[in-house]
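Coordinate inspection notes
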Amino acid sequence: MKNPILIFLLTFFILNINLSAQEKIMVWPKGQMPNSKGLKLNIEEKKEGTITQIPETELFAFLPPKKERKQMAVIIIPGGGYYKLTYDEGGFQIAKWLNTLGISAFVLNYRLPTSPDLIRREIAPLQDIQASIKYIRKNAAQYGISPDQIGVIGTSAGGHLAATVSNISTDYTELKGDWQNLSTIPNFAILISPVIDLGEFAHVDSRKSLLGENASPEKISEYSMQNRVTEKTPPTLLLHAQNDKTVPVMNSILYYKAMTKSKVKGSLFIFPEGEHRIGITNKSELTDNWKKLCSDWLKNISDK
């Protein structure tokens, strides 16, 4: 006689494997990763869920069940001040939440500008997110998604990178052939507690990691993303806490002001509390509302 408890446990175990499994994608075709000295680096993990060095760019695919899967997909860009990647808290957890909405998610572990392998530090993260957008657009049919509904979510310094890829149209990937026909600009962006300004309201560690210790005023202005917004900037949702002492809320305000000036569609939500900790788990019920606001905003843009 079959043991019903054993059958239940086995079924539960199999289902959990399927729900938690991800596909690891190496973004760059073999031998085509640009801006590299060719050094042999190892992955360095400061603590579980936080990487301080990677040898190659990685994407992790989190896909909802096919019956529940929508056409939309999001690339999640973890933060970490451009010197580490909080890929679990700022990546995997958000991906799993997006899956509950039927949205496919891809977590990007990008090359950090502090890597000794880089020839030009400040463009490496941008090259990686641009290549990732191209990869997902090229393989959209394989994942059951639309190449025209691919967005980005970035937290903290990841928000700076999400804003950067939203506004810099120059293709730095150096990919040839049919890759050249694929746009690097996302269809929408969600910026959570984002680093935007690298001047007066900068998160200083992010600026130093990205641009170096002695960046010129011209370079600081160039990489302050409120200065790069145009009418071609994709629709953007900004979420920030007023009492954020790590990345001042003025970063989001400056970006939204630039969006308004250029008539870019979007929304800005500022919570009175939440500090620099807006994520899947939050200290207050009020701040936790960002997920409902985000879900509604995504539904709104997908219906248009």
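Throughout what follows, the structure given in this document is the object of discussion.

Procedures and definitions
Residues numbered from 1 in each chain as written. Predicted model: local features only at pLDDT ≥ 70, side-chain atom pairs only at ≥ 80, totals over all residues. Heavy atoms only, no water. Helix = DSSP H or I, 4+ residues; strand = E, 2+ residues; numbered from the N terminus. Rg over C-alpha atoms; globule rule 2.2 N^0.38 Å. Buried < 20%, exposed > 50% of the residue type's maximum accessible area, 1.4 Å probe, protein only. Contact = heavy atoms within 4.5 Å. Areas by Shrake-Rupley, 256 points an atom, 1.4 Å probe, with all protein chains shown as cover. Lys, Arg positive; Asp, Glu negative; His and termini not counted. Charge placed at Lys NZ, Arg CZ, Asp CG, Glu CD. Pairing = 2+ DSSP bridges. Axes fitted to C-alpha atoms, helices over the stretch in contact; angles between N-to-C directions. Core = buried A, V, L, I, M, F, W, Y, C linked by side-chain atoms within 4.5 Å. Phe/Tyr/Trp six-rings, centres within 6.5 Å; stacked < 30°, edge-to-face > 60°.

Let's talk about the overall build of the protein
A tally of helices and strands in the protein yields 9 helices and 10 strands. On C-alpha atoms alone, the protein measures out to a radius of gyration of 19 Å, which is about the 19 Å that the 2.2 N^0.38 rule sets for 304 residues. Viewed in the frame of its principal axes, the protein has a C-alpha envelope of about 75 × 45 × 40 Å. Relative to its full complement of 304 residues, the protein shows a buried share of 52%. Once local pairs closer than 6 in sequence are excluded, the contacts in the protein between residues at least 24 apart make up 77%. When the accessible area of the protein is evaluated, it comes to approximately 14800 Å², of which 53% is carbon and sulfur surface. Taking the 36 positively charged and 30 negatively charged side chains of the protein as two groups, their mean positions are separated by 4 Å.

Some remarks on the sheet that holds strand β6 (residues 104-109)
Pairing is mixed in the open sheet, where 8 strands are placed in the order β1-β4-β6-β5-β7-β8-β9-β10. Of all strands in the sheet, those bounded by a partner on one side alone are β1 (23-26) and β10 (266-271). With strand direction ignored, the average angle separating the axes of adjacent strands in the sheet is 20°. Taken together, the 4 bridges between β1 and strand β4 (residues 58-62) define a ladder with antiparallel strand orientation. Considered in β4, the bridge of Lys24 is made with Phe60. Strands in contact with helix α8 (residues 250-261) are β8 (188-192), β9 (236-241) and β10; relative to β9, the strand with the most contacts, it is inclined by about 155°. Across the sheet, helix α9 (residues 290-302) touches β8, β9 and β10, and the angle it forms with β8 is around 170°.

So, the environment of Ala141
When you line up the elements, Ala141 lands in helix α4 (residues 140-143). With 25 residues separating them in the primary sequence, Ala141 and Ser166 have C-alpha atoms 23 Å apart.

With respect to the nonpolar core
Ranked by internal contacts, the top residues of the largest apolar core, which has 81 residues, are Ile75, Leu98, Phe106 and Ile129. The greatest single-element share of this core, amounting to 6 residues, is contributed by helix α3 (residues 124-138). Residues in contact with Phe106, not counting those within four places in the same chain, are Ile25, Leu59, Phe60, Ala61, Leu63, Ala73, Val74, Ile75, Ile76, Ile136, Tyr143 and Ile145.

As for the packing of aromatic side chains
Applying the stated criterion to the full structure yields 7 aromatic pairs. Geometrically, the ring pair formed by Tyr82 and Tyr110 is edge-to-face, given 6.5 Å between the ring centres and 75° between the ring planes. One end of the pair, Tyr82, is in the loop between β5 (73-77) and α2 (88-100); the other, Tyr110, is in the loop between β6 and α3, with 28 residues separating them in the sequence. The exposure classification of Tyr82 matches that of Tyr110, with both residues buried. Considering the side-chain rings of Phe188 and Trp297, the 6.4 Å spacing of their centres and the 70° angle between planes classify their relative orientation as edge-to-face. Residue Phe188 is located in strand β8, and its partner Trp297 is located in helix α9; the two are separated by 109 residues in the primary sequence. Note on accessibility: Phe188 and Trp297 belong to one class, buried. Taken together, the aromatic side chains of Phe60, Phe62, Tyr87 and Phe92 make up a single cluster linked through ring pairs.

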